[in-house]
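Notes for the structure review
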Amino acid sequence: MTEHKVGTREEWLAARTALLADEKEFTHRSDELARKRQALPWVPIGKDYSFEAEDGTKTLADLFDGRSQLLVYHFMFGPTVEGWPDAGCPGCSYTADSLDGAAVHLPPRGVTFVAVSRAPLENLLAAPTPSTPPGSCSTALQGAAATTPRGGRADTTTTND
Amino acid sequence: MNLPPVVSATEWQAARDALLAKEKEATRARDALAAERRRLPRVRIDKDYTFDGPDGKAGLLDLFEGRRQLLLYHFMFGPNQDAGCDGCSMFVDQIGHLAHLHARDTSFALVSRAPLAKITAYRKRMGWTIPWYSSSESDFNVDVGVSPEAPQLDVYQDGESFGLSVFLHEGDDIFRSYFTTHRGVEALGSVWTFLDLTPLGRQEEWEDSPAGYPQTKPYQWWRRHDEYEHADADPAA
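Residues numbered from 1 in each chain as written. Chains lettered and ligands numbered in written order. Predicted model: local features only at pLDDT ≥ 70, side-chain atom pairs only at ≥ 80, totals over all residues. Heavy atoms only, no water.

A count of helical and extended segments in chain B gives eight helices and eight strands. Considering only C-alpha atoms, chain B reaches an extent of 60 × 40 × 30 Å along its principal axes. The proportion of buried residues among the 237 residues of chain B is 49%. Expressed as a percentage of contacts within chain B between residues at least 6 apart in sequence, the contacts between residues at least 24 apart total 63%. (Helix = DSSP H or I, 4+ residues; strand = E, 2+ residues; numbered from the N terminus. Buried < 20%, exposed > 50% of the residue type's maximum accessible area, 1.4 Å probe, protein only. Contact = heavy atoms within 4.5 Å.)

This paragraph deals with the state of the cysteines. Summed over the entire model, instances satisfying the criterion amount to zero disulfides over all chains. Take A:Cys89: it sits in no disulfide, and the sulfur closest to it among the cysteines is that of A:Cys92, at 3.8 Å. Look at A:Cys89 and you get buried, because its relative accessible area is 11%. B:Cys88 supplies the cysteine sulfur nearest to B:Cys85, a cysteine that is in no disulfide, at a spacing of 3.6 Å. For B:Cys85, a relative accessible area of 6% gives the class buried. (Disulfide = S-S within 2.5 Å.)

Residues and elements named next belong to chain A. The element strand 5 (residues 111-117) is extensively covered by neighbouring structure, given that seven of its seven residues are classed as buried. Bridge count for strand 4 (residues 69-74) against strand 5 is six bridges, and the pairing is parallel. Residue pairing for strand 5: Gln-69 is matched across the bridge by Val-111. (Pairing = 2+ DSSP bridges.)

Another point: helix 1 (residues 9-38) of chain A. A rise of 1.5 Å per residue sets the reference length of helix 1 of chain A, with its 30 residues, at 44 Å; its end C-alpha atoms lie 42 Å apart and thus fit the reference within 8%. Considered for burial, the residues of helix 1 of chain A that qualify are A:Trp12, A:Arg16, A:Leu19, A:Glu23, A:Phe26, A:Thr27, A:Asp31, A:Leu33, A:Ala34, A:Arg37 and A:Gln38. Residues of helix 1 of chain A that are buried make contact with helix 1 (9-38), strand 1 (42-44), strand 8 (173-180), helix 7 (183-186) and helix 8 (190-197) of chain B. (Expected span 1.5 Å × (residues − 1).)

Per the stated rule, a full pass over the model turns up 25 salt bridges over all chains. In this structure, A:Arg35 engages A:Glu32 in a salt bridge whose closest nitrogen and oxygen atoms are separated by 2.9 Å. Here A:Glu32 and A:Arg35 lie together in helix 1, a separation of three residues that amounts to about one turn. Here A:Arg35 falls in the partly exposed class, since its relative accessible area comes to 28%. Residue classification places A:Glu32 among the partly exposed positions, given a relative accessible area of 33%. Note that B:Arg16 and B:Glu23 form a salt bridge whose closest N and O atoms lie 2.8 Å from each other. (Salt bridge = Lys/Arg side-chain N within 4 Å of Asp/Glu carboxyl O.)

Okay, the interface of chain A and chain B next. Accessible area lost during the coming together of the parts is what is often quoted as the interface size. Listed as interface residues are 64 residues of chain A and, on the opposing side, 86 residues of chain B. Both faces considered, chain A and chain B share a buried interface measuring about 6700 Å² in area, 60% of it formed by carbon and sulfur atoms. Counting across the interface, chain A meets chain B through five salt bridges. Of the charged contacts in the structure, one is a salt bridge between B:Arg183 and A:Asp31, with a shortest N-O distance of 2.6 Å. Across the chain A-chain B interface, the total number found is 22 residue pairs in polar contact (both at pLDDT 80 or more). Mapped by element, the contributors of at least two residues to the side of chain A that touches chain B are strand 1 (6-7), helix 1, strand 4 and strand 5 of chain A. Top contributing element to the side of chain A that touches chain B by residue count: helix 1 of chain A, with 19 residues. For the side of chain A that touches chain B, a count of residues per class yields 27 nonpolar, 21 polar and 16 charged. Taken together, the two bridges between strand 1 of chain A and strand 1 of chain B define a ladder with parallel strand orientation. Following the sheet pairing, A:Val6 is matched in strand 1 of chain B by B:Arg42. (Buried area = accessible area lost by both parts, 1.4 Å probe. Polar contact = N/O pair within 3.5 Å; in protein donor to acceptor, adjacent residues only side chain to side chain. Nonpolar A, V, L, I, M, F, W, Y, C, P; charged D, E, K, R; others polar.)

Set out below in structure tokens:
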């Protein structure tokens, strides 16, 4: 490993403050992206979908749970995914580990958060319960199995890599 | 409310792809910032600090738990308070399972000025298991710039402030490489990130949203997770 510069507190502060200017520029850039995101047009969902959840069959509207906005995490869990049939995708599990504790703070902004997977509900419920994240409260993410449509993907998805 | 236009899936995809190009540019810019961050000089910690932790007295090196790097969140919890800061509490709710950081040889700890007994009680109330240390008998908080010299009784959390410090060690030598606070900490939290993806945004007054969107003051809408009175309250309703 190359020798990393060790400086005085003043030298560090000067370098850190210079970086801060770049970081703030990035923060404002992110704010601008969020603004453009909010201005994106909307697509009406013209098809009825039904989902299997722990408390019965639900429509897409039901998943909103009475709030005006819905975030759906498309959790990879199905016959073609690593871990099948006992476990969901390791990467999605990694993501979900930080969601349990955060999800409780979204309803106060009128947002419901759910995960949807292609696997049948019995597989979602049978998967070993993830150990409690150190930073989490007890609110668990609500999962739902997408039962329709059977063929192909419901939406075009985009990645943000 | 001046809501966005409703279009066909094809038109939406085109608009979404155009935005995706800008999002990718921002992702690359964030990578460049991280690269710059990794090249910041570091400062040697020349003083011995003693913390009170779940297993008794601990030095700063002990907080690393044998790993090479330490993320240390300065959690606002004044020595005269019975409950820690609500915003810091929301932040901690968003920290995922530490196994994933440990896999990169990185530990995570919280440090507050409140005495350990208050920390232990509050940690139990919130249901957290993340390592949390008291610096009540040490100059640590003052030296890193997150605490006033003496607790200020008329200020929120006795005048404590919050932030994330990053340390690494080589043998017994400990170095501080980074510190961030305010919006730098917001960028680390998934709640803010998720809200930035929603049509209504964070619903905070500073945001540039179309006329009529629901907006309230930042730093005031959140609560400790067991203190939301109307979890179903929907500002847009």
